[in-house]
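Each chain, written out:
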Amino acid sequence: MAEAPLHVVVASLEDAEKRINEFEVETVTSFTVFRRNKGFREVFSDLGKHRVKWEDVSRGEGPKIQYNGTPFIILGWDVRECQFGPDRNVTKKLKYQLEKTVEGKKDHSYIQKGRTLVQNTKKQDCPARIHLKRICVFPEYKINGPDSIWKRKDQSRRLKTDLENKKDPVTWEEEIHILFPSLDDHRNHVTGQLAGICQPIDKVIKKKIQCLMDEGVTKVAEMKRHIKSFSKKDLGNTSTQNRRFYPLDKDIRNVMDSYKNQTRFSKDDKENLELLLEEYKSVNDKDSFYLDISETEDFLFVGQTEWQKRLLNMYGQEICLLDATYKTTKYDLPAFFVCVNTNVGYTIVGCFITANETKNSIMRGLQYFKDWNVNWHPKYFMTDFDTSEISAIEETFEAEYW
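What comes next concerns the included structure.

Within the protein, the regular secondary structure consists of 10 helices and 12 strands. For 402 residues, the compact-globule formula gives about 21 Å, and the C-alpha radius of gyration of the protein, at 33 Å, lies well above that figure. The dimensions of the protein, computed from C-alpha atoms along their principal axes, are 110 × 55 × 45 Å. Evaluated residue by residue, the protein yields a buried proportion of 36% over its 402 residues. Considering only contacts within the protein whose residues lie at least 6 apart along the sequence, 69% involve residues at least 24 apart. Roughly 25300 Å² of accessible area belongs to the protein as shown, and the carbon and sulfur atoms make up 51% of that amount. In the protein, which carries 64 positive and 63 negative side-chain charges, the distance between the mean positions of the two groups comes to 9 Å.

Another aspect to go through is the packing of aromatic side chains. For the structure on display, the rule yields 11 aromatic pairs. On the numbers, 6.2 Å between centres and 65° between planes, the contact of W376 with F381 is edge-to-face. Like F381, W376 is buried. It is R152 that lies over the ring of Y67; its NZ or CZ is 4.5 Å from the centre.

Further remarks concern the sheet that holds strand β11 (residues 345–354). What the six strands build is an open sheet, ordered β7-β8-β11-β10-β9-β12; its pairing is mixed. Of all the strands in the sheet, the pair left with one neighbour each is β7 (288–292) and β12 (380–382). On average, each strand axis in the sheet is inclined to that of its neighbour by 20°, with strand direction left out of account. Alignment of strand β10 (residues 335–342) against β11, held across eight bridges, turns out to be antiparallel.

Before going further, it helps to spend a moment on helix α6 (residues 249–262). The periodicity of an α-helix, 3.6 residues per turn, causes residues three or four positions apart to be oriented the same way. With 14 residues, α6 extends 20 Å between its outermost C-alpha atoms, agreeing within 8% with the 20 Å of an ideal straight helix rising 1.5 Å per residue. Among all positions in α6, only D251, I252, V255, M256 and Y259 are buried. Viewed end-on, α6 has its buried residues packed into an arc of 130°, placing them on one side of the element. Check the buried side of α6 and you find it contacts α4 (203–214) and α5 (220–233).

What follows covers the pairing of strand β5 (residues 129–137). Within a regular strand, the side chains alternate between the two sheet faces. Counting buried positions along β5 yields eight of nine residues, so the element is predominantly enclosed. By the bridge criterion, seven bridges tie β5 to strand β6 (residues 173–180) in an arrangement that is antiparallel. Paired with L132 across the bridge in β6 is I178.

Once that is clear, we can look at the packing of α4 against α6. Orientation of α4 relative to α6, taken along the N-to-C sense of each, is 60°, at an axis distance of 10 Å. With respect to each other, α4 and α6 are oriented oblique. In this structure, α4 crosses over α6, and the sense of that crossing is right-handed. On α6, the residues touching K206, I209, Q210, M213 and D214 of α4 are I252, V255, M256, Y259, K260 and Q262. Taken together, the residues that form the contact of α4 with α6 break down as six nonpolar, two polar and three charged.

The next subject is the nonpolar core. The biggest cluster of nonpolar side chains holds 21 residues, and the ones touching the most others in it are L322, F352 and L366. Among the secondary structure elements, those contributing two or more residues to this core are β8 (300–304), α8 (306–315), β9 (319–325), β10, β11, α9 (359–372) and α10 (387–396). Ranked by residue count, the leading element in this core is α9, at four residues. Residues contacting F352, with those up to four places away along its chain left out, are F301, V302, L322, P334, A335, F336, I362, G365, L366 and F369. Formed by 17 residues, the second largest nonpolar core is a distinct cluster that contains C82, A128, L132 and I178.

Per the stated rule, a full pass over the model turns up 20 salt bridges. When the shortest N-O distance is used, the salt bridge between R41 and E17 registers 2.7 Å. One end of the pair, R41, is in the loop between β2 (31–36) and β3 (52–53); the other, E17, is in helix α1 (residues 13–27), with 24 residues separating them in the sequence. You can call E17 partly exposed: its relative accessible area is 24%. Where R88 meets E81, a salt bridge forms, and the shortest distance between an N and an O atom there is 3.0 Å.

A cluster of nonpolar side chains, namely I319, Y380 and M382, defines an oily patch on the protein surface of about 290 Å² accessible area. Position of Y380 among the secondary structure elements: in strand β12. The class of Y380 is partly exposed, set by a relative accessible area of 48%.

Cut-offs used in this document
Residues numbered from 1 in each chain as written. Predicted model: local features only at pLDDT ≥ 70, side-chain atom pairs only at ≥ 80, totals over all residues. Heavy atoms only, no water. Helix = DSSP H or I, 4+ residues; strand = E, 2+ residues; numbered from the N terminus. Rg over C-alpha atoms; globule rule 2.2 N^0.38 Å. Buried < 20%, exposed > 50% of the residue type's maximum accessible area, 1.4 Å probe, protein only. Contact = heavy atoms within 4.5 Å. Areas by Shrake-Rupley, 256 points an atom, 1.4 Å probe, with all protein chains shown as cover. Lys, Arg positive; Asp, Glu negative; His and termini not counted. Charge placed at Lys NZ, Arg CZ, Asp CG, Glu CD. Phe/Tyr/Trp six-rings, centres within 6.5 Å; stacked < 30°, edge-to-face > 60°. Lys NZ or Arg CZ within 6 Å of the ring centre and 35° of its normal. Pairing = 2+ DSSP bridges. Axes fitted to C-alpha atoms, helices over the stretch in contact; angles between N-to-C directions. Expected span 1.5 Å × (residues − 1). Arc of directions from axis to C-beta. Parallel < 35°, antiparallel > 145°, perpendicular 65-115°, else oblique. Left-handed = near helix turned anticlockwise from the far one by under 90°. Nonpolar A, V, L, I, M, F, W, Y, C, P; charged D, E, K, R; others polar. Core = buried A, V, L, I, M, F, W, Y, C linked by side-chain atoms within 4.5 Å. Salt bridge = Lys/Arg side-chain N within 4 Å of Asp/Glu carboxyl O. Patch = residues over 30% accessible without salt bridge, like charges linked within 9 Å, V, L, I, M, F, W, Y side chains within 5 Å.

Function cannot be read off these values alone, since they describe shape.
Structure representation (structure tokens):
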């Protein structure tokens, strides 16, 4: 015999979310928002504009509200479907796959090679849904005694008048009616404890990961140990096969990467760079940084810390190495490194990034190193066989050293 859907009534949206979360944990299922109207989340405003109802037993799939003598107003509704429900983003996925294919054929692509997926979507057209209906009830206008159409109209008229006048506050109570599906409503996918391997990470686990990151946890393996202990001791969940509370390494890594992006200063890399430089300068005023992102000059970034200056002046008087690298990031900007041979091997003692590899761009970067290190007079420079680098070095430093 099939189970009947469960109809639950709670007093607030917070209680509704809590009850849905409990239902998902108990049944090892997960639901996503499919559709909701504005009134479901809005704060109560002009209740006089809404229609007064005494019952709601329409043929729709939502929860049925039977007559109990108390009038109410429907504020909004919400529909959530099983995570294995219909695939509503087929067109977007095809468009993204096409863009990814085109980008992957370029010479310097930053699209990582993905795995070969036997099944390219988890959607299985499961019809199971959770229906929510938010209403506002008015106990003071309850009909006592036998029901009649005249009594309903009379009480509705009084209630509408009082709501529109707004002279005396009308007492109301909020109710959220929730209609949960039965396990028999799920189709085309595994249910029960085995479904735990397909569960998304719980919101509580996500918040715990973010808190641990704020405390300095950066390694996935260390984070996994913390989460395992938290799920077992604090949440009391011992089913290690349930990814909702015992996420895989890739799940943890995805949450950590997402939180890193959220806590960045800005989505604009130029703004991020400016803010980071201000932060670096505040740590040690003897570190030197220069950034030019103006519209009139070509891009230039030059950076050298205090310890790099010390090594440059100590080991860079005889010979220095100028090396360039480019096309290693999504920005086609050449990065130049000044290196010296210290007592423990070659070490980078300065870096600058230019808009291009012209002689003038390289000279601008080298000139800042020269200004920051007045006692630096290298006798020799080793570079690639590049005329721009050679000419820039010869014109930046005095001829008596060549």
